[in-house]
Amino acid sequence: MYDFAYHKPSSVAEAVAILAADPEAKPISGGQTLLPALKHRLNRPSALIDLSGIAELKKVTQEGNEIVIGAMVKHYEVATNPLIKGAIPALAAMASTIGDTQVRNRGTMGGSCANNDPAADYPAAALALGATFVTDKRSIPAEEFFLGMFTTALEPDELLVAVRFPIPAKAGYAKMRNPASRYSMAGVFVAKTAQGVRVAVNGAGSSAFRRPEAEAALEANWSPEAVANLDQAADDLNSDIHGSAEYRAHLVKVMTKRAVIDAG
Ligand SMILES: Cc1cc2nc3c(=O)[nH]c(=O)nc-3n(C[C@H](O)[C@H](O)[C@H](O)COP(=O)(O)OP(=O)(O)OC[C@H]3O[C@@H](n4cnc5c(N)ncnc54)[C@H](O)[C@@H]3O)c2cc1C
C-alpha cells in the first residue's frame, strides 16, 4: 500500500469540497473493493475520503412512488429494511444474495454501483426498475450511468449520494451464483413498471444490459412460458475460467424465466 492522507467528513458538502480541492482523492465507502486494490498497489489515491461519518448518506426513505436509498446503505440493510421489503421485495431479496454475511455487513449500495463490477447485482436491478442516480451535481438515469466494465458516468470529483428506485407493480430476480465468490454468473431482474416491462441482465456481459426481446415478449404475455424458449445470443458475452459465453447465454434464458416466476 502507498501512503495516503485520510479524511472523515461529516457532510456531503464537506466531502465534495475535499474532492474538488484534490483530484487524486477517492471516496471510500465499505472498502470491500477499494482496500484490496490499494493493498495490491493497483490504485494510488492521494487521500481517502471516508464516507462512513455522513449520516445523510445512510437514509432509506419513500418519496412519492420512489424508494430513495442512500449511497452508504449497506447490503444487509437493503435486505432487511421494512420499507424496502414492503415496497420492492425483489430488491431486498436480491441484496440478501450478495456475497456472504460479512460482505453484506460491509459493502454498500453506492460503492457497488460506483464500482460497476460486471458481476455486481445492483446494476441489473437499477436498469430494470428504471432507477435514477443522484449525485451532488445532477440526476443520472440508470441507462446513462453504467457505461461499461468498472466504468460509470461519475466524474472523478462527483459523489454518488442516493439512488431513487420507482416502486414497480411486480418485480423478480434470479441469479446463478459462482459457488466460490457468490458473484453472479448470470442474473436477471424483471420488473413491470409504469414505463412498461423491463428486463436487465448482470454477470453475463462486460456491464449490465437490458434484454429488449424478453421485454417485448413479457409485455405481450406476462408469463414464464413467454420467455422460456427465448434464446440469448452469446456474442459479446463474457467467457472466462468460470464459464463460456455460450453457457452464460443459456443461463440468461433460464434466469429470465425464473425471475418471472419469482415475480409472480
Ligand atoms: C467475497 C466477496 C463477494 C462479493 N459478492 C458479491 C455479490 O455476490 N454481488 C455483488 O453485487 N457484489 C458482491 N461483492 C461486492 C461487494 O458487495 C461490494 O459492494 C463491492 O466490493 C464494493 O465495495 P464497497 O461497497 O465497500 O465500496 P468501496 O470498495 O469502498 O468503493 C468502491 C468504489 O466506489 C467508489 N465509491 C464508493 N462510494 C462512492 C460514492 N458515494 N460516490 C462515488 N464513488 C464512490 C470508491 O472510490 C471505489 O472506487 C462481493 C465482494 C466480496 C469481497
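So, here's what we can say about the structure.

Remarks on the sheet that holds strand β1 (residues 5-7)
The parallel open sheet is built from three strands, whose spatial order is β1-β3-β2. Both edges of this open sheet fall to β1 and β2 (26-28), since each of them pairs with a single strand only. Put simply, the sheet's adjacent strands are angled 30° from each other on average, direction ignored. Relative to strand β3 (residues 47-50), β1 runs parallel, the two sharing three bridges. Across the sheet, residue H7 finds its bridge partner in β3, namely I49.

Side note on the sheet that holds strand β11 (residues 170-177)
Think of a sheet as strands paired side by side through backbone hydrogen bonds, with each pair either parallel or antiparallel. Ordered in space as β11-β12-β13-β14, the four strands form an open sheet in which the pairing is antiparallel. Two strands in the sheet have a free side with no partner beyond their single neighbour: β11 and β14 (209-210). Strand contacts of helix α10 (residues 212-220): β12 (184-193), β13 (196-202) and β14, with the helix running at about 145° to β13, the strand carrying the most contacts. Its contacts with the sheet put helix α12 (residues 245-263) on β11, β12 and β13, and the angle it makes with β12 is roughly 40°.

Topic: the site of the ligand
Inspection of the region around the ligand gives 30 residues, with P27, G31, T33, H75 and D121 positioned closest. Between the ligand and G30, the relevant distance is 3.1 Å, taken from an oxygen atom to a main-chain nitrogen or oxygen of the residue. Within the backbone of G99, an N or O atom sits 3.1 Å from an oxygen atom of the ligand. For the ligand, whose accessible area on its own is 970 Å², the fraction buried by protein is 88%. Those elements that place two or more of their residues in the shell around the ligand are β2 and α7 (109-115).

Regarding the packing of aromatic side chains
Within this structure, the stated rule accounts for four aromatic pairs. Judged by centre distance (5.7 Å) and plane angle (35°), the rings of Y173 and F189 are tilted. Remark: F189 occurs in strand β12 and Y173 occurs in strand β11; sequence separation between them is 16 residues. For the residue pair Y173 and F189, the accessibility class agrees, reading buried in each case. Put simply, the rings of F133, F145 and F146 pair up and form one aromatic cluster. When the ring centre of Y2 is taken as origin, the NZ or CZ atom of R41, which lies over that ring, is 4.4 Å away. When the ring centre of Y2 is taken as reference, the NZ or CZ atom of R44 above it lies at 4.0 Å.

Side note on the side chain of S207
If you trace the backbone, S207 turns up in the loop between β13 and β14. The class of S207 is buried, set by a relative accessible area of 10%. Polar side-chain contacts of S207 include one of 3.3 Å to the side chain of N116. Contacts of S207, omitting those with residues within four sequence positions, involve N116, P118, F146, G148 and M149.

Some words on the pattern of salt bridges
Going through the model one piece at a time under the given rule, you end up with twelve salt bridges. Within this structure, E143, R198, R210 and E215 form a network of salt bridges that share partners.

Conventions used here
Residues numbered from 1 in each chain as written. Predicted model: local features only at pLDDT ≥ 70, side-chain atom pairs only at ≥ 80, totals over all residues. Heavy atoms only, no water. Pairing = 2+ DSSP bridges. Helix = DSSP H or I, 4+ residues; strand = E, 2+ residues; numbered from the N terminus. Axes fitted to C-alpha atoms, helices over the stretch in contact; angles between N-to-C directions. Contact = heavy atoms within 4.5 Å. Near = heavy atom within 4 Å. Polar contact = N/O pair within 3.5 Å; in protein donor to acceptor, adjacent residues only side chain to side chain. Areas by Shrake-Rupley, 256 points an atom, 1.4 Å probe, with all protein chains shown as cover. Phe/Tyr/Trp six-rings, centres within 6.5 Å; stacked < 30°, edge-to-face > 60°. Buried < 20%, exposed > 50% of the residue type's maximum accessible area, 1.4 Å probe, protein only. Lys NZ or Arg CZ within 6 Å of the ring centre and 35° of its normal. Salt bridge = Lys/Arg side-chain N within 4 Å of Asp/Glu carboxyl O.

Such coordinate-based values are descriptive only and should not be taken to indicate function.
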